[in-house]
Amino acid sequence: MEINNGEQFNLTPRSIVDELDRYIIGQKKAKRACAIALRNRWRRQQVEPELRDEILPKNIIMIGPTGVGKTEIARRLSRLAGAPFIKVEASKFTEVGYVGRDVDSMIRDLVEMGIGIVKEEESTRVQEKARISAEEKLLDILFPTPVPAPATPGTLPDASNDPDALERRKTTREKLRKMLKSGALDDRTVEIETSDNNQPFVEIFSPQGMEEMGINLKDMFGGMSKTKKRKVTVPEALEILTSQEAGKLIDMDRVTKDAINRVENHGIVFLDEIDKIAGRESARGPDVSREGVQRDLLPIIEGSTVMTKHGSVRTDHILFIAAGAFHVAKPSDLIPEIQGRFPIRVELDNLGENEFYRILTEPQNALLRQYSALLSTEGVILEFDDSAVRKIASIAADLNRTHENIGARRLHTVMEALLDELSFTAPERSGERFIIDEAHVVNTLKPILEKEDLSRYIL
Ligand SMILES: Nc1ncnc2c1ncn2[C@@H]1O[C@H](COP(=O)(O)OP(=O)(O)OP(=O)(O)O)[C@@H](O)[C@H]1O
Ligand SMILES: [Mg+2]
């Protein structure tokens, strides 16, 4: 069976960078490296099978200070690739035998992600079919077919076998169908069977060790869900029946197989804080397991088989994108085998005033847009004068220079302080319009900025 290696994996490096540009300002080198890595996986899929298996992914290390877009690039990348993606903190892992998560768990999580993605795709694919059979089901409920009564001697022949009666039933059913489609039945209620998963949510914590085996208590109990009759409106019934029918149309075995294949060939693991586990042996104390964690990671990165409850997964072609600030440790402090598996190194640039200005205004999800949208729910119109945006960018850049450099995250703290008053009083100011200008920015932030120790806490 040909596994989906179609459209969504087919983006050229240039179009990948263009897509990333919509959300992330600057960082050209990192975007390019990721775009090439992604395109190479598509290229690999096109190569004849014999050679294909020899072509290993070129993993990437992104090096850069905090808050400059490392995680954001990886996250956007996976989204546009439709690829299973997970982000893990390298420092969370511990050597086998210690308390903490074992490294295999990230592959198991990746498989869960893969299953989610494929299932979602499948359910969109069968949506129309499901809708049609849901409609039939609903018509059966609204207008049940009479069960033919057993013929008792001396009674009239069963009406349900009478061709005229059958014809009449058919006409009535079609009439009902028309009414259903036109919404004429929307106010009626019907009783349908639903799986009883609306019961109060009970969190079940798996005991340590269960997880390692890939056994999940919640799933075990999930299989025991009961069905129950519920009265719902016709449109609700249509929704519920559609998703029930969709569930029947989806072949879970195929979904699992597809998902594993997708993980093996397109999966992306984002290994954050890789610098925290850099370091060779020699240290004593808590540091002693750093090299151990690297050694545990190695087989997964080099390619091995991980057992999951959905089947075994080869990790050879999973793409790893590692990231770290590398303030203290350097990539060369990683053990040589790991270094060899991350041949591509890209440095991300520090963000300055100009980048901040663009981050505030350009991305689709730009911060200013977010705040305006939030306040518009209160009926408050919030706009920013260009001079104000420049000022915010320059204050944020200054703070990063004089205090700690936290990259674009500084914009969040500055914006919060700037809009604190308005955020609080917005519900009382419905219908008002605010245009934030430079003077407003200066006046609001000045009292905080002037007090060195106050600004350390607030901004
Ligand atoms: N170049 C950028 N363009 C647009 N937004 C950015 C950029 N860099 C960072 N941001 C925003 O700043 C926040 C933090 O970015 P991100 O999570 O990518 O940081 P990071 O580089 O992974 O930092 P850390 O090393 O602390 O994990 C996010 O909200 C992100 O959207
Ligand atoms: Mg990050």
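The model shown is predicted, which means the values in this text are computed figures rather than measured ones. (Residues numbered from 1 in each chain as written. Chains lettered and ligands numbered in written order. Predicted model: local features only at pLDDT ≥ 70, side-chain atom pairs only at ≥ 80, totals over all residues.)

### Concerning the overall build of the protein
Under the convention used in this document: Segments assigned H or I by DSSP are reported as helices when at least four residues long, segments assigned E as strands when at least two residues long, and all are numbered from the N terminus. Field definition: a residue is buried when 20 or more other C-beta atoms are found within 10 Å of its C-beta, exposed when 12 or fewer are, and partly exposed for counts in between, with C-beta atoms placed from the backbone. Any residue pair is listed as a contact if its two C-beta atoms, each placed from the backbone, are within 7 Å.
In terms of helices and strands, the protein carries 18 helices and 11 strands. By residue count, 29% of the 459 residues in the protein fall in the buried class. Within the protein, residue pairs in contact and separated by at least 24 positions form 81% of the contacts whose partners lie at least 6 positions apart.

### Points about the pairing of strand β4 (residues 227–233)
The following threshold applies: Pairing between strands is defined by DSSP: at least two bridges between them are needed.
The buried fraction of β4 amounts to zero of the seven residues, a small share that puts the element mostly on the outside. One ladder, built from seven bridges, connects strand β3 (residues 189–195) with β4; its direction is antiparallel. Bridging across to β4, Thr189 finds its partner in Thr233.

### What to know about the sheet that holds strand β9 (residues 344–347)
Let me state the cut-off plainly: Between N-to-C directions, angles span 0 to 180 degrees; the directions come from axes that are lines fitted to C-alpha atoms, helices contributing only their stretch in contact.
The parallel open sheet is built from five strands, whose spatial order is β2-β5-β8-β1-β9. Of all strands in the sheet, those with a lone pairing partner are β2 (85–89) and β9, marking the two edges. For this sheet, the mean inter-axis angle between neighbouring strands, taken without regard to orientation, is 20°. The pairing of strand β5 (residues 268–272) with strand β8 (residues 319–324) spans four bridges and is parallel. Residue pairing in the sheet places Ile268 in a bridge with Leu319 of β8.

### What about the nonpolar core?
To keep things clear, this is the line we draw: We define a nonpolar core as a collection of buried residues of the types Ala, Val, Leu, Ile, Met, Phe, Trp, Tyr and Cys that are connected via C-beta atoms lying within 7 Å of each other.
Judged by nonpolar contacts, the single largest core of 87 residues is most densely connected at Cys34, Ile321 and Ile392. It is helix α15 (residues 386–402) that provides the largest number of residues to this core, a total of eight residues. In this structure Cys34 touches Ile60, Ile73, Leu77 and Ile321, once residues within four positions along its chain are discounted. Counting residues in hydrophobic clusters, the runner-up holds nine residues, among them Ala130, Ala134, Val234 and Leu241.

### Focus on the site of ligand 1
Which entries qualify depends on this criterion: Residues are classed as near a molecule or strand if the C-beta position derived from their backbone is within 6 Å of it. Charged means Asp, Glu, Lys or Arg here, nonpolar means Ala, Val, Leu, Ile, Met, Phe, Trp, Tyr, Cys or Pro, and polar covers whatever is left, Gly included. Boundaries between domains were set according to an automatic or database domain assignment.
Of all residues adjacent to ligand 1, which total 18 residues, the nearest are Gly69, Lys70, Thr71, Glu72 and Ala408. For the shell around ligand 1, the leading source of residues is helix α4 (residues 70–81), giving three residues. Tallied by class, the residues present in the shell around ligand 1 amount to seven nonpolar, seven polar and four charged. For the shell around ligand 1, the two domains that each supply at least three residues are domain 1 (7–120 + 258–347) and domain 3 (353–458).

### Considering the environment of Ser372
Relative to the elements of secondary structure, Ser372 occurs in helix α14 (residues 367–376). Ser372 sits 10 residues away from Leu382 along the chain, and the two C-alpha atoms are 5.2 Å apart.

### Things to note about the packing of helix α6 (residues 127–142) against helix α7 (residues 163–182)
Note the following rule: Note on convention: the crossing is left-handed when the near helix lies turned anticlockwise from the far helix by less than a right angle, right-handed when the turn is clockwise.
Interaxial distance between α6 and α7 falls to 11 Å at its minimum, and their mutual angle equals 115°. The chirality of how α6 crosses α7 is right-handed. Facing α6, whose interface residues are Glu135, Leu138, Leu139 and Leu142, α7 presents Arg173, Leu176, Arg177 and Leu180. Of the residues assigned to the contact of α6 with α7, the class counts are five nonpolar, no polar and three charged.

### Side note on the confidence of the model for the protein
Inclusion rule: pLDDT measures how confident the predictor is about each residue, on a scale from 0 to 100.
With 83% of its residues at a pLDDT of 70 or more, the protein shows a mean pLDDT of 84. Counted against residues more than four places away or in other chains, residues 1–7, with its pLDDT under 50, gives four contacts. Confidence drops under a pLDDT of 50 for residues 198–209, and excluding neighbours within four residues, the segment shows six contacts in the predicted structure.

### Some words on helix α9 (residues 234–249)
Each full turn of the α-helix corresponds to 3.6 residues, which orients residues three or four apart in the same direction. Note the cut-off: In this scheme, a helix's expected span is set at 1.5 Å multiplied by one less than its residue total. The arc in question is the one spanned by the directions pointing from the helix axis to the C-beta atoms.
The end-to-end C-alpha separation of α9 is 22 Å, in line with the 22 Å expected for 16 residues at 1.5 Å each. Turning to α9, its buried residues are Val234, Ala237, Leu238, Leu241, Thr242, Glu245 and Ala246. The arc enclosing the buried residues of α9, seen along the axis, measures out at 165°, which places them on a common side. Residues of α9 that are buried sit in contact with α5 (104–125), α6, β3 and β4.

### Side note on α15
For α15, with 17 residues, the first-to-last C-alpha span of 24 Å sits near the 24 Å given by 1.5 Å per residue. Buried residues in α15 make contact with α13 (353–361), β10 (381–384), α16 (409–425), β11 (433–436) and α17 (438–450).

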